Amino acid sequence: MEDFTISELYRKLRDKDISALEVAKKYIDRIKEEDNNIGAFLSFDEERAISSAKLADKEISEGKGSLLTGIPFALKDNILVEDLKNTCASKILKDYIAPYDATCFKKLKEKGAVLLGKTNLDEFAMGASTENSAFSITKNPKDKERVPGGSSGGSAAAVSSNMCVFALGSDTGGSIRQPASFCSVVGLKPTYGAVSRYGLTAFASSLDQIGPLSKNVEDAKIVFNVIKGKDINDSTSVDYKKREEKKNLKIGLPKEYFADGLDKEVERLISKEIEKIKKLGFEIKEISLPNTKYVIPVYYLTSSPEASSNLSRFDGIKYGLSIQGEKTNNLFDVYSKTREEGFGDEVKRRIILGTYALSSGYYDAYYLKAQKVRTLIARDFDNAFKDVDIIISPVSPFSAFKIGEKKDDPLSMYLCDILTAPVSLAGLPALSLPLKVNDLPVGLQIIGRHFEEENIFKFAKILEENE
Amino acid sequence: MIKKEEVEKIAKLARIDLQQKEISKMETEMSTILDYFDRLSEIDVSNVEPFHFSFLDGNTSREDLILIKKEEVKKSFPKKEGDYLKVKEVF
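Residues numbered from 1 in each chain as written. Chains lettered and ligands numbered in written order. Predicted model: local features only at pLDDT ≥ 70, side-chain atom pairs only at ≥ 80, totals over all residues. Heavy atoms only, no water.

1. A look at helix α11 (residues 345–358) of chain A
Phase 1: Spanning 14 residues, α11 of chain A covers 20 Å between terminal C-alpha atoms, matching the ideal 20 Å at 1.5 Å per step.
Phase 2: For α11 of chain A, the tally of buried residues reaches 12 of 14 residues, placing the bulk of the element in the interior.
Phase 3: Turning to α11 of chain A, its buried residues number three or more, namely Glu346, Val347, Lys348, Arg349, Arg350, Ile351, Ile352, Leu353, Gly354, Thr355, Tyr356 and Ala357 of chain A.
Phase 4: Close packing links the buried residues of α11 of chain A with α9 (295–310), α10 (331–342), α12 (364–387) and α13 (410–414) of chain A together with α1 (4–13) and α2 (20–37) of chain B. (Helix = DSSP H or I, 4+ residues; strand = E, 2+ residues; numbered from the N terminus. Expected span 1.5 Å × (residues − 1). Buried < 20%, exposed > 50% of the residue type's maximum accessible area, 1.4 Å probe, protein only. Contact = heavy atoms within 4.5 Å.)

2. Topic: the interface of chain A and chain B
Phase 1: Listed as interface residues are 71 residues of chain A and, on the opposing side, 51 residues of chain B.
Phase 2: When chain A packs against chain B, close to 5,500 Å² is buried across both sides, 70% of that on carbon and sulfur atoms.
Phase 3: We note a salt bridge from Lys337 of chain A to Asp17 of chain B, for which the minimum N-O separation is 2.9 Å.
Phase 4: Summed over the shared surface of chain A and chain B, the number is 18 residue pairs in polar contact (both at pLDDT 80 or more).
Phase 5: Top element by residues in the side of chain A that touches chain B is α12 of chain A. It accounts for 11 residues.
Phase 6: Residues of the side of chain A that touches chain B, tallied by class, amount to 37 nonpolar, 21 polar and 13 charged. (Buried area = accessible area lost by both parts, 1.4 Å probe. Salt bridge = Lys/Arg side-chain N within 4 Å of Asp/Glu carboxyl O. Polar contact = N/O pair within 3.5 Å; in protein donor to acceptor, adjacent residues only side chain to side chain. Nonpolar A, V, L, I, M, F, W, Y, C, P; charged D, E, K, R; others polar.)

3. Here we look at the sheet that holds strand β9 (residues 390–394) of chain A
Residues and elements named next belong to chain A.
Phase 1: Spatial ordering of the open sheet is given by β1-β3-β2-β4-β6-β5-β10-β11-β9-β7-β8, a layout of 11 strands whose pairing is mixed. Lying at the two open borders of the sheet, with one neighbouring strand each, are β1 (41–44) and β8 (283–287). Strand-to-strand twist of the sheet, defined as the mean angle between neighbouring strand axes without regard to direction, takes the value 25 degrees.
Phase 2: Examined bridge by bridge, strand β7 (residues 250–254) and β9 share 2 bridges and lie parallel to one another. Bridge pairing in β9 links Ile251 to Ile390.
Phase 3: Along the sheet, helix α3 (residues 46–61) makes contact with β1 and β3 (114–119), crossing β3 at roughly 155 degrees. (Pairing = 2+ DSSP bridges. Axes fitted to C-alpha atoms, helices over the stretch in contact; angles between N-to-C directions.)

4. A closer look at empty space enclosed by the protein
Over the atoms rolls a probe the size of a water molecule, and in doing so it shows where empty space is left.
Residues and elements named next belong to chain A.
Phase 1: By the definition in use, this model includes 2 cavities of 30 Å³ or more.
Phase 2: In this model, the largest cavity occupies a volume close to 80 Å³.
Phase 3: The residue makeup of the lining of the largest cavity, split by class, is 5 nonpolar, 7 polar and 2 charged.
Phase 4: The volume enclosed by the second largest cavity comes to roughly 30 Å³.
Phase 5: For the lining of the second largest cavity, the element with the highest residue contribution is α12, accounting for 3 residues.
Phase 6: Each residue belonging to the lining of the second largest cavity can be placed in one class, and the counts come to 6 nonpolar, 2 polar and 1 charged. (1 Å grid on protein atoms, 1.4 Å probe; cavity = no way out; pocket = protein on both sides within 12 Å on 5 of 7 lines; lining within 4 Å. Points joined across faces, edges and corners; volume = space filled by probe spheres on them.)

5. Brief notes about the packing of α11 of chain A against α2 of chain B
Phase 1: In contact at an axis separation of 11 Å, α11 of chain A and α2 of chain B are set at 60 degrees when each is read in the N-to-C sense. By the angle class used here, α11 of chain A and α2 of chain B are oblique. For the pair α11 of chain A and α2 of chain B, the crossing hand works out as right-handed. Residues Asp345, Lys348, Arg349, Ile352, Leu353 and Tyr356 of chain A of α11 of chain A form the contact with α2 of chain B, whose own contacting residues are Glu22, Lys25, Met26, Glu29, Met30, Ile33, Leu34 and Phe37 of chain B.
Phase 2: Of the residues contributing to the contact of α11 of chain A with α2 of chain B, the split by class is 8 nonpolar, no polar and 6 charged. (Parallel < 35°, antiparallel > 145°, perpendicular 65-115°, else oblique. Left-handed = near helix turned anticlockwise from the far one by under 90°.)

6. A few points about the environment of Pro305 of chain A
Residue and element names in this part refer to chain A.
Phase 1: Locating Pro305 in the fold gives a position in helix α9.
Phase 2: Considered as a pair, Pro305 and Leu358 are 53 residues apart in the sequence and their alpha carbons are 6.4 Å apart.
Phase 3: Residues contacting Pro305, with those up to four places away along its chain left out, are Tyr300, Gly354, Ala357, Leu358 and Tyr367.

7. Quick word on the pattern of salt bridges
Phase 1: In the structure shown here, the tally under the stated rule is 37 salt bridges over all chains.
Phase 2: In this structure, the salt-bridge partner of Arg449 of chain A is Glu452 of chain A, at a minimum N-O distance of 3.1 Å.
Phase 3: Overall, the relative accessible area of 9% leaves Glu452 of chain A in the buried class.
Phase 4: Here the salt bridges share partners, and the residues they tie into one network are Asp345, Glu346, Arg349 and Arg350 of chain A together with Lys25 and Glu29 of chain B.

Spelled out as structure tokens, the structure:
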């Protein structure tokens, strides 16, 4: 089956070389054939896809089509679609049916894109391997013994194995960029506030962002331009004003990101890419982000407290799993037994860590302290961006690891986020660009100033064309 | 370091009925994680403000509209009686 990009498929649909219905059927067949081996999808809705595709054909024949009309895509299973399950890969939401559409999905639907299904993730988006899903393991299409990364591992694997043209994921500390890097696709975490989170199941509200995973940079740009913008239902979303494009982009290399712990092969590939960037005529400058060593504690002492608050809504009362058997004598028992039964190990760990960091006597030392150091981490980027327009680094210190390799070592799993979490803490946009490799995929992280996604796309396209 | 009693207390605050096996596992894992996080204690932030997004200054408000119909919300109730959500007794 051909590996279509949005633009290619758009031209074929416009020129009537193929109908949206034929396209949808091709991808449905592809999922039926391939997903047994990969496990990217948690649910898929053939009937809905067929009827959206028919609608898309009607739009195209009336000349009303957009770039996305008839393009098949997938959503991470923490983004709501009315009347479809939204499990967050958690037992606590196993049978939960969403009562409304997320804003980002609504926008894609209005443009005529065709939803195929919903993809696997680490439970409530907490993890870096998709192994924390309560339902299934997703395999990396590039090496099936390895993880696809996470938490948007299902979305990355689906795009990578051509089971959809693009997908949406969510990124809190690297959850779009790292799986994109592991599965050799493009992934964009937009600027904090650029895309509405209405209808995204909240994990850490000062960090969560929705973004695209796609086959190339142009596709990520097309999808981003559709989903971005202020939404009355998300008070943290902002009016996206395009910044002026820079002519001569200056590139920064943070010396702390190339310290010990970087895998040799990753280092070699990134150095090769840096040489290429120099040859293309870009000025490269070494920069310093001195507070990098505090990133992991600050990230986990920010995201876990926020998660413990956000996940308090899963209490067995209003929706989802509810344990009300003989052993539950009162309301407290319903809460605590539902949560014991419904949450997996990692989610419990984060809730305990988060509750601890917010509890009386520890708040100042952990949560408040982390918020102050977060200011310093963000300031590091502000200072660096006075000298350069773009910062580059690896997305992950290593490529995809084996399934099971880090599962029982939470701290080593947390350290996966070391190069992506600082960008999230500062609310900056960043894109993962797959490099040309012979072996396991490696992604280059391209970081820009707030709301300067345009510069990222421009630079990434130049590298992509010269890959 | 975190003690077993502290894990038990936090689990209660977080409304999770952790089993004994989970509590001792949590005690070990949490201690490893908090030991690593201890590096934060070396940095002086007495003159630093907690983080906020400068481009999100000010409040936003909107009209208080019904976005999801009552019937839709009721569908998800684990237990109900008429229009009411039914829960166990509090005490």
